[in-house]
Amino acid sequence: MQGLSQDVCCTRQFVFIVPSCFHTLVHVSLMQVTADGSVDCANEPAEQESKVASLVYAEAVTALSLLQPCGSLVLKMFTLFEHSSICLMFLLCCTFEQVQLAFDDHFSVLL
C-alpha cells in the first residue's frame, strides 16, 4: 500500500499493519513485541510523558492486536505520573497475567 508512513498513531497505518502482519506471519505465533518509539522532547523534557502518550498508547494497542495468547510485551515508558500512563497501565494489568516495571536508575543528561 503506497503512501503509508511508519507512524502507528495514524489509524490508516494501524489498519494496514495488523492485517499485513497476520498475512505475512501465517504459521508463526508472535509471542513477543517490543515497542520503544519516541518523539523529540529535547526542548521540553518536562513534557516528555505527555508528548509521547499517544505514541505509547498506539504501540500498546498495535502490540495487543498482534500478540498471541500468553505473549509478552516490552513497552518503553518514561514516567508514570500522567493520567494517560496510569490508564494504560490499568489496561495492561487487565490484559496480562503479570506486569513488571523496570526503572532506569540513571537520569538522562541534557547537554
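Remember, predicted model here, so these are calculated numbers, not experimental data. (Residues numbered from 1 in each chain as written. Predicted model: local features only at pLDDT ≥ 70, side-chain atom pairs only at ≥ 80, totals over all residues. Heavy atoms only, no water.)

## A word on the packing of helix α2 (residues 48-66) against helix α3 (residues 83-95)
No. 1: The N-to-C vectors of α2 and α3 enclose an angle of 15 degrees; their axes lie 10 Å apart at closest approach. One element, α2, and the other, α3, form an angle in the roughly parallel class. As for the relative orientation of α2 and α3, their crossing is left-handed in sense. Contacts from E49, A53, V56, Y57, A60 and L64 in α2 reach S84, S85, L88, L91 and T95 in α3. (Axes fitted to C-alpha atoms, helices over the stretch in contact; angles between N-to-C directions. Helix = DSSP H or I, 4+ residues; strand = E, 2+ residues; numbered from the N terminus. Parallel < 35°, antiparallel > 145°, perpendicular 65-115°, else oblique. Left-handed = near helix turned anticlockwise from the far one by under 90°. Contact = heavy atoms within 4.5 Å.)

## Some points on the side chain of S85
No. 1: Looking at the secondary structure, you find S85 in helix α3.
No. 2: Each residue touching S85, except ones within four places of it in the same chain, is listed here: E49, M77, T79 and L80.

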